[in-house]
Amino acid sequence: VQLQASGGGLAQAGGSLRLSCAASGRTFVGWVMGWFRQVPGKEREFVAAVEWSGSRTLYSDSVKGRFTISRDNAKNTVYLQMNTLKPEDTAVYYCAGRSFYSGNWIIESLYAYWGQGTQVTVSS
């Protein structure tokens, strides 16, 4: 299983970016896909997750109402649309996948597969 994250870059505060995570290597029916982020010196934190059908999503309080997670199963791709960006959103963003639905979606140790990370920088 490989997860390839892309779409990071530089944005101004109030702007938007869209991250993509392309998955390959197997079928992903039933998987939960998530996004986490990390800044230097801090632990990686949960951002958002979505289950296979896309009908259930979960967001951290810090991004709720500004970010939207979605998935296109035909393309095996998960997206993170980030709007109204803030300087505190600056981080390396990682996509992650897990093959089971149960359990707490915000716990990174429950995700077995990780992408390489993509840098998002928001200037004030």
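Residues numbered from 1 in each chain as written. Predicted model: local features only at pLDDT ≥ 70, side-chain atom pairs only at ≥ 80, totals over all residues. Heavy atoms only, no water.

Peer 1: What's the story with the pattern of salt bridges in this structure? I'm lost.
Peer 2: Oppositely charged side chains may form a pair once their charged atoms are brought near each other. In the structure shown here, the tally under the stated rule is five salt bridges. Put simply, Arg 37 and Asp 89 hold a salt bridge, and the shortest N to O gap is 2.9 Å. Of the two residues, Arg 37 sits in strand 4 (residues 32–38) while Asp 89 sits in the loop between strand 8 (77–82) and strand 9 (91–98), which places them 52 residues apart along the sequence. Among the residues examined, Arg 37 registers a relative accessible area of 5% and is labelled buried. The partner of Asp 89 in a salt bridge is Arg 66, and the shortest N-O contact between them spans 2.7 Å. With a gap of 23 residues between them, Asp 89 in the loop between strand 8 and strand 9 and Arg 66 in the loop between strand 6 (57–59) and strand 7 (67–72) connect regions that are remote in the sequence. (Salt bridge = Lys/Arg side-chain N within 4 Å of Asp/Glu carboxyl O. Helix = DSSP H or I, 4+ residues; strand = E, 2+ residues; numbered from the N terminus. Buried < 20%, exposed > 50% of the residue type's maximum accessible area, 1.4 Å probe, protein only.)

Peer 1: Help me out: how do you make sense of unusual backbone geometry in this one?
Peer 2: The residue Asn 76 is not glycine, and still its phi comes out positive at about 50°. Its place among the elements puts Asn 76 in the loop between strand 7 and strand 8. Positive phi, close to 50°, is recorded for Thr 84, a residue that is not glycine. Looking at where Thr 84 falls in the secondary structure, it is placed in the loop between strand 8 and strand 9. Since its relative accessible area comes to 44%, Thr 84 is described here as partly exposed.

Peer 1: Please clarify how the state of the cysteines should be interpreted in this entry.
Peer 2: Taken as a whole and judged by the stated rule, the model has one disulfide. With a sulfur-sulfur separation of 2.2 Å, Cys 21 is cross-linked through a disulfide to Cys 95. With the S-S dihedral at roughly 60°, the linkage between Cys 21 and Cys 95 falls on the right-handed side. Linking Cys 21 in strand 3 (residues 17–24) with Cys 95 in strand 9, this pair joins segments that are 74 residues apart in sequence. Overall, Cys 21 belongs to the buried group, its relative accessible area being 1%. Assessed through its relative accessible area of 1%, Cys 95 is described here as buried. (Disulfide = S-S within 2.5 Å.)

Peer 1: Help me understand the packing of aromatic side chains, please; the structure alone is not making it clear to me.
Peer 2: We describe a pair of aromatic rings using the distance from one ring centre to the other and the angle between the two ring planes. This model, assessed by the stated rule, comprises seven aromatic pairs. One cation-aromatic arrangement involves Arg 44 over Tyr 94; the distance from NZ or CZ to the ring centre is 4.7 Å. (Phe/Tyr/Trp six-rings, centres within 6.5 Å; stacked < 30°, edge-to-face > 60°. Lys NZ or Arg CZ within 6 Å of the ring centre and 35° of its normal.)

Peer 1: Looking at this model, I keep getting lost on the nonpolar core. Mind explaining?
Peer 2: One recurring pattern in soluble globular proteins is that nonpolar side chains are buried together. Core analysis: the largest hydrophobic core is formed by 27 residues, its most contacted members being Trp 35, Val 47, Phe 67, Ile 69, Leu 80, Met 82 and Tyr 93. Put simply, the parts of the chain that give this core at least two residues each are strand 1 (2–6), strand 3, strand 4, strand 5 (45–50), strand 7, strand 8, strand 9 and strand 11 (118–123). Ranked by the residues each element gives to this core, the list is headed by strand 3, at four residues. If sequence neighbours within four positions are ignored, Tyr 93 has contacts with Leu 19, Trp 35, Phe 36, Arg 37, Val 47, Phe 67, Leu 80, Met 82, Gly 117, Thr 118 and Val 120. Val 32, Phe 46, Ala 96 and Tyr 111 belong to the second-largest nonpolar core, a separate cluster that totals seven residues. (Core = buried A, V, L, I, M, F, W, Y, C linked by side-chain atoms within 4.5 Å. Contact = heavy atoms within 4.5 Å.)

Peer 1: Would you mind going over the side chain of Arg 66 with me for this structure?
Peer 2: The exposure class of Arg 66 is buried, given its relative accessible area of 10%. Here the side chain of Arg 66 touches Thr 84 through a polar contact of 2.9 Å, landing on its backbone oxygen. Those residues in contact with Arg 66, other than ones at most four positions away along the chain, are Gln 81, Met 82, Asn 83, Thr 84, Leu 85, Lys 86 and Asp 89. (Polar contact = N/O pair within 3.5 Å; in protein donor to acceptor, adjacent residues only side chain to side chain.)

This is a description of form; function is not addressed.
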